[in-house]
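# A closer look at the structure
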Amino acid sequence: MVRPVFRAESVFYRYPDGRLGLAEASLTVAPGESVVLLGAHASGKSTLLHLLAGLMFPSEGSVEAFGTVLTESALRDGEFARAFRQRVGVLFQDTDAMLFNATVYDEIAFGPLQLDLSELDVRRRVDEMLKLLELRAVAQQSPHALSGGEKKKVALAVLLAVSPEVLLLDEPTAALDPRLQRWFVELAEELRGMGKTLVTSTHDLHVAEEIADRVVVLGEDHRIAAEGPPLAILRDLELLLSVNLVHEHAHIHDGVLHIHPHSHLHVHEHDHH
Ligand SMILES: Nc1ncnc2c1ncn2[C@@H]1O[C@H](COP(=O)(O)OP(=O)(O)OP(=O)(O)O)[C@@H](O)[C@H]1O
Ligand SMILES: [Mg+2]
């Protein structure tokens, strides 16, 4: 069997103030897999992503990455820490926290400059990102003077510029308009084609359906309520209702679900390309 990228076993996480962030979560992510964490607000999506990112550590249970248990000491320094940080990239839900350089250009160049690249290669890589993310027009602007959607794109560019093989994306489409959401879905498709491993959190059923190989549903009790292939999960109205991802009388007109007054659920089949 191929060694999983992540293996979480019975993970509990309590915040320092005693609040429960995540309970009894077990999860395996295989190389090249695209896993979507689907859950209502406060269900524990960010908590789980921060644990996978080695930014905090379980109160109980364990998280392994590439076969090594993530602990404070394993990630403090040394070869594993360096390799882990290079292989795993994180897009934070709070994109602002990731941006600190004077211009968008410098922001994107920051990561590549830490690598062993020539000046020309750094410039090439930044230009490539500016093109890929359609950010050329704002390259000389301050990242803080951008719209929410533009900031999200800059943060993605920062991440992709160092080419991590594993991407942990916390609500990548939250600040995006429909056109940018579509664009993100295509980008995710491209990254999957490159063999990247993706773990993406969202409460957007549409995004989950489009980019996931597997959906992991978090309930409001901070536990994993279900996991499975996207269509099986998205057809399970009872499940979605129980975790507050849909409302009994809601009409979701984005093409994923239409919930009619008699709780009739239709899942539209999309052409998957
Ligand atoms: N710093 C913190 N201190 C105390 N409790 C926290 C902290 N951060 C999160 N929590 C709690 O942990 C639980 C899970 O939060 P988390 O941020 O992981 O949810 P989420 O699914 O990412 O929500 P959202 O969709 O709003 O981003 C919530 O009950 C939340 O109140
Ligand atoms: Mg969150």
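For the structure, see preceding data.
Residues numbered from 1 in each chain as written. Chains lettered and ligands numbered in written order. Predicted model: local features only at pLDDT ≥ 70, side-chain atom pairs only at ≥ 80, totals over all residues. Heavy atoms only, no water.

### Remarks on the sheet that holds strand 9 (residues 214–218)
Under the convention used in this document: Strand pairing is defined by DSSP finding a minimum of two bridges between the two strands. Labels follow the DSSP assignment, with helices taken as runs of H or I lasting at least four residues and strands as runs of E lasting at least two, numbered in each case from the N terminus. Axis lines are fitted through C-alpha atoms, for helices just across the contact stretch, and the angle between N-to-C directions can take any value from 0 to 180 degrees. Residues count as neighbours in contact if any of their non-hydrogen atoms are within 4.5 Å of one another.
One open sheet accounts for 6 strands, arranged 6-7-8-3-9-10; its pairing is mixed. The outermost strands of the open sheet, each flanked by one partner alone, are strand 6 (88–91) and strand 10 (224–228). When strand polarity is set aside, the average angle formed by the axes of neighbouring strands in this sheet is 15°. Relative to strand 9, strand 3 (residues 34–39) runs parallel, the two sharing 5 bridges. Bridge pairing in strand 9 places Leu-38 opposite Val-217. Lying on the sheet, helix 1 (residues 45–52) is in contact with strand 3, strand 7 (166–170), strand 8 (197–202) and strand 9; it crosses strand 7 at an angle near 155°.

### So, the side chain of Thr-173
Relative to the elements of secondary structure, Thr-173 occurs in the loop between strand 7 and helix 6 (178–193). Among all residues touching Thr-173, those that are not within four sequence positions of it are Gln-181, Phe-184, Thr-202 and Val-207.

### Re the sheet that holds strand 5 (residues 68–69)
Strand order in the open sheet formed by 4 strands is 2-1-4-5, and the pairing between neighbours is antiparallel. Edge positions in the sheet fall to strand 2 (20–29) and strand 5, since each has one partner strand and no second. Looking at chain direction, strand 1 (residues 6–14) and strand 2 are connected through 6 bridges and run antiparallel. Residue pairing across strands places Phe-6 opposite Val-29, the latter belonging to strand 2. Running over the sheet, helix 1 touches strand 1, strand 2 and strand 4 (60–65) and is turned about 55° from strand 2.

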